[in-house]
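# Reading the structure
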Amino acid sequence: MAISKKTKYGEINISKEAIVKVAVDASLECYGVIGVADKSSLSNNIVTLLKFGEFDKGVYVSSGKDGYEVSIYLVLAMGVKITEVLSEVQKKVKYVLTKTFGLRFKEINVYAQDIKERED
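Model, not experiment: these values are computed from the prediction.

### Some thoughts on the packing of helix H1 (residues 16-28) against helix H3 (residues 82-101)
Running from N to C, H1 and H3 cross one another at 135°; their axes reach a closest spacing of 9 Å. Taken together, the axes of H1 and H3 are oblique relative to one another. For the crossing formed where H1 meets H3, the hand is right-handed. Of the residues in H3, those in contact with Ala-18, Ile-19, Val-22, Ala-23, Ala-26 and Ser-27 of H1 are Val-89, Lys-92, Val-93, Val-96, Leu-97, Thr-100 and Phe-101. A per-class count over the contact of H1 with H3 returns 10 nonpolar, 2 polar and 1 charged.

As structure tokens, this is what we get:
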């Protein structure tokens, strides 16, 4: 799925992978986020951290009438306030995506798939 955007200079095509990469980078910068998890891992009861190149299994982009929707599945650090971390990720991802691509992102859904000890 490519998103087309018309500007005064011509047409720009934005790939889903570009949106996923920017969303993951923004979420990983937030305190308390360890990594991105596979959405289907919740049904398997085994949550694994995704590596670079696999992030599309943990971030989903869809388009609607009023804008685009992004869903991100994360693994958080133990001992953090989950609601605060998820709220900060949501705000940061929406801000970074909007500033980077100049598109309207209607919803940024952030899910905590697992909580793990930090391995610093």
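On we go.
### So, the environment of Ile-19
In this fold, Ile-19 is placed in helix H1. Using a relative accessible area of 0% as the deciding quantity, one classes Ile-19 as buried. Ignoring any residue separated from it by four or fewer positions in sequence, one finds Ile-19 in contact with Ile-3, Ile-14, Val-61, Val-70, Leu-97, Phe-101 and Phe-105.

### Examining the side chain of Ser-71
With respect to the helices and strands, Ser-71 occurs in strand E5 (residues 68-77). With residues near it in sequence (within four places) discarded, Ser-71 still touches Gly-58, Val-59, Tyr-60, Asn-109 and Tyr-111.

### Digging into the pairing of strand E1 (residues 2-7)
Strand direction decides the pairing type here: E1 and strand E2 (residues 10-15), joined by 6 bridges, are antiparallel. Counted as the bridge partner of Lys-5 is Ile-12 from E2.

### Digging into the confidence of the model for the chain
It should be kept in mind that the predicted coordinates are not to be read in detail where pLDDT is low. Looking at the chain as a whole, its pLDDT mean stands at 84, while 83% of the residues score no less than 70. Ranking the helices and strands of the chain by mean pLDDT puts H3 first, with 95, and helix H2 (residues 41-44) last, with 54.

Quick notes on the rules
As a convention, each chain's residues are numbered from 1 in the sequence order in which they are written. For this predicted model, a pLDDT threshold of at least 70 governs which residues receive local features, and a threshold of 80 or more governs which side-chain atom pairs are given and counted, while totals over whole chains, interfaces and linings are taken from all residues. Only hydrogens and water are set aside when side-chain values are computed; all heavy atoms of the structure are taken into account. Between N-to-C directions, angles cover 0 to 180 degrees, with each direction set by a line fitted to C-alpha atoms, over the stretch in contact for helices. Working definition: helices are DSSP H or I runs of at least four residues, strands are E runs of at least two. Numbering for both runs from the N terminus. Just so you know how the angles are binned, under 35 degrees is roughly parallel, over 145 roughly antiparallel, 65 to 115 roughly perpendicular, and the rest oblique. Handedness of a helix crossing follows the sense of rotation of the near helix relative to the far helix, less than a right angle counterclockwise being left-handed and clockwise being right-handed. Should any heavy atoms of two residues lie within 4.5 Å, those residues are counted as being in contact. Each residue is assigned to one of three groups, with Ala, Val, Leu, Ile, Met, Phe, Trp, Tyr, Cys and Pro labelled nonpolar, Asp, Glu, Lys and Arg labelled charged, and all others, Gly among them, labelled polar. Exposed residues in this analysis have more than 50% of their type's maximum accessible area, buried residues have under 20%, and partly exposed residues fall in between, with area computed by a 1.4 Å probe over protein chains only. Pairing between strands is defined by DSSP: at least two bridges between the two strands are required. Values of pLDDT, ranging from 0 to 100, describe the predictor's confidence in every residue of the model.

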